[in-house]
Amino acid sequence: MNLPLITRAQSYSERTAIVTPQQRFSYQDLLDRSAQIATALLDGMADLAEQRVAFLLPSGFDYVATQWGIWRAGGIAVPLCTAHPRPELEYVITQSGASILVADDSLADRLLPIAEDHQQPFLLTSHISGAIAPLPMVAIDRRALILYTSGTTGKPKGVVITHANIQAQVTSLVTAWAWQPEDCILHLLPLHHIHGIINVLTCALWVGAECHMLPKFDAETVWRRISDRDLTLFMAVPTIYAKLIAAWSKASKQEQAVRSLGCRQMRLMVSGSAALPVQMLETWQQISGHVLLERYGMTEIGMALSNPLQGERLAGSVGQPLPGVAVRLVDESGALAAADSPGEIQVQGPGVFLEYWQNPEATAKAFCGPWFRTGDMAIAQQGTYRILGRMSVDIIKTGGYKVSALEIEEVLRSHPDIQDCAVVGVADEEWGERVCGALVVTGESGLTLTALRAWAKEQLATYKVPTKILILEQLPRNAMGKVIKPAIVDLFNGADS
Ligand code: AMP
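Note that the structure is a prediction, hence the values are computed from the model and not measured.

Visitor: So, the packing of aromatic side chains: which residues are in play, and what are the values?
Guide: A full pass over the atoms with the stated rule returns 12 aromatic pairs. Judged by centre distance (3.8 Å) and plane angle (0°), the rings of Phe25 and Phe61 are stacked. Placement of the pair is Phe25 in strand β2 (residues 24-26) and Phe61 in helix α3 (residues 61-72), with a sequence separation of 36 residues. The exposure classification of Phe25 matches that of Phe61, with both residues buried. Judged by centre distance (5.1 Å) and plane angle (40°), the ring pair of Phe55 and Tyr63 falls under tilted. For Phe55, a relative accessible area of 1% gives the class buried. Members of the aromatic cluster, each reached through a chain of ring pairs, are Trp223, Phe234, Tyr241 and Trp284. Geometry around Tyr356 places Lys157 over its ring, the cationic atom sitting 5.0 Å from the centre.

Rendered as structure tokens:
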């Protein structure tokens, strides 16, 4: 059997698949180019038989053709992050045991020295051309992808996702968000992460839609593309919406109107991968006319919870389980959490990953029977979930209470002087952990801890109010725009010494 993604593409070969700032590529172009790349990877072999192929390419047609080429040759695709320095690239390459490295001319100098040091075959996509060999049939239960988790606690783990997992994740989203062949989406996310690979790219290609790829995120370029009024779908992370809001605010009144009109042309705008501040949802609604659809997911499970396409989207909520996904909340004793009580989100379904690459211990620890333990806390009210944060960093144990950093951040952000913030728990002999807030404040603000505490006590129980603050120029974030909370804890610990 051939992969359904490929057979589907063959059925709409004349349609446009990928559009880059320079060129349009049809599904046939993608099939031809990926077959060429598969042939080069096979180099005379019948099947890569799940060899890992690590590849470093900017967002664009050759990225997609390489990913498909690896799959069509029977390999496991290991996408590398274009923003990573050598040690991180090397970690992923060696941990995954990649036997072939592929790069594009523009990034070759980042990968070639690693290939030479490890004596690994190295392919430049610009050198791949020519005849196409017969390609193997790839069964759907084979491994397709290894994605590395952000690794906020310890070294990143390789999340192994099969073709069947991808199909389950994609069909769930295609159903829930009613993807159509007529859809046209702008791709502006990193392509080493589930959000960009599955939710945007693979969903689009599954239905025969158009995926317009930008080589990198730039707020003005994105607004220009939105203003062209040809897009129907848009998906991004909260930090990107923050940058788009800032750019919109700086534009002239006339330009703002054009940009807002471009948004109104779309049928759906989605946010996820980190908590969407309620204020941001409201500002975006004023700008775009869209109530952002917030969803929750994770590399290991794909998407699990989503606000509805039709019907009311609740601010601060991530909605209900997606089709084919079973979700439960479990309390500390391992029992199902009582109604309206917090618990760990556990997920089961065909989209849940196979294993952590060569780490059976971590895999075993991550499951409770068939249920994957996400490590995220949530509360469900009438079947609708609200995320409280990651148990390891966002659930702060202070003076016998458990408090959600996300809930405190949401309140702090409503302070007129606070532009951005991250709340963390810092180990403390007296309190167990202290609630500490890293703040980015407006230029002229002279915000003091005393003033902030007085203000915050009006909105939060006293034990939730930060007892220490640090004013930062900006919060440390990873390539996906997520705040790196352990780095903030280090800053507080360093500030004490
Ligand atoms: P990643 O595997 O990099 O996609 O990160 C997944 C983690 O991001 C989850 O375990 C959550 O902690 C967080 N996350 C994803 N979506 C949301 C959301 N809508 N609200 C809050 N946290 C989220």
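Visitor: Tell me about the domain arrangement of the protein, residues and numbers included.
Guide: Considered domain by domain, the protein is made up of domain 1 (4-139) and domain 2 (395-496). Its C-alpha centre places domain 1 at a distance of 43 Å from the equivalent point of domain 2.

Visitor: Let's hear about the pattern of salt bridges: which residues, and what values?
Guide: What the rule picks out here adds up to 20 salt bridges. Of the charged contacts, one joins Lys464 and Glu407 as a salt bridge, the two residues approaching to 3.0 Å between their closest N and O atoms. Taken together, the residues Lys464 in the loop between α14 (449-456) and β26 (468-471) and Glu407 in helix α13 (residues 405-412) connect sequence positions 57 residues apart. Residues participating in the shared-partner salt-bridge network are Asp394, Glu409, Arg413 and Lys485.

Visitor: Describe the site of the ligand, with residues and values.
Guide: In the region of the ligand, 16 residues are neighbours, and His193, Arg295, Thr299, Asp376 and Lys482 sit closest. Contacts to the ligand include Ala275, whose backbone N or O atom sits 3.5 Å from a nitrogen atom. One of the side-chain nitrogen or oxygen atoms of Glu294 is found 2.9 Å away from a nitrogen atom of the ligand. Notes on the ligand: free accessible area 500 Å², of which the protein chains cover 91%. Of all the elements in the fold, those that place two or more residues in the shell around the ligand are β13 (293-298) and β21 (384-390). Counting residues per element, the shell around the ligand draws most heavily on β13, at 5 residues. Grouping the amino acids of the shell around the ligand by side-chain chemistry returns 6 nonpolar, 5 polar and 5 charged.

Visitor: Residue-level account of the packing of helix α1 (residues 4-11) against helix α7 (residues 194-207), with values.
Guide: Interaxial distance between α1 and α7 falls to 8 Å at its minimum, and their mutual angle equals 50°. Classed by the angle they form, the pair α1 and α7 counts as oblique. Contacts between α1 and α7 involve Pro4, Leu5 and Arg8 from the former and Thr202, Leu205, Trp206 and Val207 from the latter. Classifying every residue of the contact of α1 with α7 by side-chain character gives 5 nonpolar, 1 polar and 1 charged.

Visitor: Tell me about the sheet that holds strand β1 (residues 16-19), and name the residues and values.
Guide: Strands belonging to one sheet form pairs held by backbone hydrogen bonds; the direction of such a pair is parallel or antiparallel. The strand order β2-β1-β10-β9-β11-β12-β13-β14-β15 describes an open sheet built from 9 strands, whose pairing is mixed. Across the chains shown, the open sheet's two edge strands, defined by having one partner strand only, are β2 and β15 (320-321). Strand direction decides the pairing type here: strand β9 (residues 184-187) and strand β11 (residues 233-236), joined by 2 bridges, are parallel. Across the sheet, Ile185 pairs through a bridge with Leu233, a residue of β11.

Calculation criteria
Residues numbered from 1 in each chain as written. Predicted model: local features only at pLDDT ≥ 70, side-chain atom pairs only at ≥ 80, totals over all residues. Heavy atoms only, no water. Phe/Tyr/Trp six-rings, centres within 6.5 Å; stacked < 30°, edge-to-face > 60°. Helix = DSSP H or I, 4+ residues; strand = E, 2+ residues; numbered from the N terminus. Buried < 20%, exposed > 50% of the residue type's maximum accessible area, 1.4 Å probe, protein only. Lys NZ or Arg CZ within 6 Å of the ring centre and 35° of its normal. Domains from an automatic or database assignment. Salt bridge = Lys/Arg side-chain N within 4 Å of Asp/Glu carboxyl O. Near = heavy atom within 4 Å. Polar contact = N/O pair within 3.5 Å; in protein donor to acceptor, adjacent residues only side chain to side chain. Areas by Shrake-Rupley, 256 points an atom, 1.4 Å probe, with all protein chains shown as cover. Nonpolar A, V, L, I, M, F, W, Y, C, P; charged D, E, K, R; others polar. Axes fitted to C-alpha atoms, helices over the stretch in contact; angles between N-to-C directions. Parallel < 35°, antiparallel > 145°, perpendicular 65-115°, else oblique. Contact = heavy atoms within 4.5 Å. Pairing = 2+ DSSP bridges.

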